[in-house]
Amino acid sequence: MKTVKFLGLFIAAGLLAAFTIAKPAAGYKVGDVATDFSLKNVDGKKVSLKDMKDAKGYIVIFTCNHCPYAQAYEDRIIALDKKYKKLGYPVVAINPNNPVKQKDDSFEKMQERAKEKKFTFPYLLDEGQKIYPQYGATKTPHVYILQKTTKGNVVKYIGAIDDNYEDASAVKVKYTEDAVNALLKGKEVPVKETKAIGCSIKA
C-alpha cells in the first residue's frame, strides 16, 4: 500500500515539474527576428512592414485609445514619427486590445482618435489579437525597435519610450530615441531593454 502511495506521489510530482519547467518564455528577446504582419489601418487598408521598402527599420509601438499612459505619450509618438520616418525608422502603432472587453478601443474609436490627434503613422488593429503575443507585448505603450537586415527584422530594443510618462519636459533618458540614434550611426544600442510602463493589454 505504501509503495502504491509513494508511486502516486512520485508521478504527481513529476507532472507538476513538467508543467512548471517546460513552459517556454513568451515573446521576442533582443536579437530575435520579428514576424511581419498584415493588419488593417484606420484608413481601411492593410499594412505590412515589407510595404515600407525604403525603411531601415521600424519603431513598432503597441498602444491604444483609452489608456491614460498611452494618451500621455501620443504627442511624443507623433514627434518620434516626424523625426525618424525621414531617416528610415517610421513609427508603426498597433492596438492590441480586444474591443469586446474595452469598447473605447474599437476600430471606429481608433479612427476617431487618429483623426482627432492627426496621427502621422499607421494605426493598426490587431484583429483577433494574434500579433501582440508573438512580440510579447504586455503594456500600452510597449516599444519594439526593429532593424531591417538580410536575416529579417531584428529586435534591437524592447520597452518604454522614455523614463517619465507623466511629464515630457522632465524626461532624462529617451530610450527609444537613443536606440534609433545608435542604430543610425551603426553603433550598439546603449540600453537594449527597459520595463514598459502602461496599462495591461485587454485580451
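Here we summarise the structure given alongside this text. Fair warning: this is a prediction, and the values are worked out from it, not measured in the lab. (Residues numbered from 1 in each chain as written. Predicted model: local features only at pLDDT ≥ 70, side-chain atom pairs only at ≥ 80, totals over all residues. Heavy atoms only, no water.)

Comments concerning the pairing of strand S8 (residues 142-149)
Among the eight residues that make up S8, six are buried, leaving the element largely enclosed by the rest of the structure. One ladder, built from six bridges, connects strand S4 (residues 57-62) with S8; its direction is antiparallel. Along S8, the bridge assignment pairs Ile 61 with Val 143. In the sheet, S8 pairs with strand S9 (residues 152-159) via seven bridges, with the strands oriented antiparallel. Residue pairing in the sheet places Leu 146 in a bridge with Val 155 of S9. Two successive antiparallel strands, S8 and S9, enclose a turn made up of two residues. (Buried < 20%, exposed > 50% of the residue type's maximum accessible area, 1.4 Å probe, protein only. Helix = DSSP H or I, 4+ residues; strand = E, 2+ residues; numbered from the N terminus. Pairing = 2+ DSSP bridges.)

Regarding the sheet that holds S9
Strands pair in a sheet through their backbones, by hydrogen bonds, and they do so in one of two ways: parallel or antiparallel. An order of S1-S9-S8-S4-S5-S6-S2-S3 is seen for the eight strands of this open sheet, with the pairing classed as mixed. For this open sheet the edge positions go to strand S1 (33-34) and strand S3 (46-47), each flanked by a neighbour on one side alone. The strands touched by helix H3 (residues 107-117) within the sheet are strand S2 (39-41), strand S5 (91-95) and strand S6 (123-125), with S6 carrying the most contacts at an inclination of about 175 degrees. (Contact = heavy atoms within 4.5 Å. Axes fitted to C-alpha atoms, helices over the stretch in contact; angles between N-to-C directions.)

Overview of the packing of aromatic side chains
Going through the model one piece at a time under the given rule, you end up with seven aromatic pairs. Judged by centre distance (4.7 Å) and plane angle (25 degrees), the ring pair of Phe 119 and Phe 121 falls under stacked. Both residues of the pair, Phe 119 and Phe 121, belong to the buried class. Feature note: the residues Tyr 28, Phe 62, Tyr 135 and Tyr 144 constitute an aromatic cluster, connected by ring pairs. Sitting above the plane of the Phe 107 ring, Lys 40 keeps its charged end 4.2 Å from the centroid. (Phe/Tyr/Trp six-rings, centres within 6.5 Å; stacked < 30°, edge-to-face > 60°. Lys NZ or Arg CZ within 6 Å of the ring centre and 35° of its normal.)

Describing H3
Every buried residue belonging to H3 is among Phe 107, Met 110, Arg 113 and Ala 114, and all of these are buried. Axial view of H3: buried residues confined to an arc of 115 degrees, hence all on one face. For H3, the exposed residues lying more than 90 degrees away from the buried face are Lys 115 and Glu 116. Looking at the packing, one finds that the buried side of H3 touches S2, helix H2 (68-84), S5 and S6. Just beyond H3, the residue with positive phi is Lys 118, at close to 55 degrees. (Arc of directions from axis to C-beta.)

Some words on unusual backbone geometry
Residues Thr 140 and Pro 141 are joined by a peptide bond in cis, for which omega reads 5 degrees. Within the secondary structure, Pro 141 sits in the loop between strand S7 (139-140) and S8. Unusually for a residue other than glycine, Gln 129 sits at a positive phi of about 50 degrees. Along the chain, Gln 129 turns up in the loop between S6 and helix H4 (131-135).

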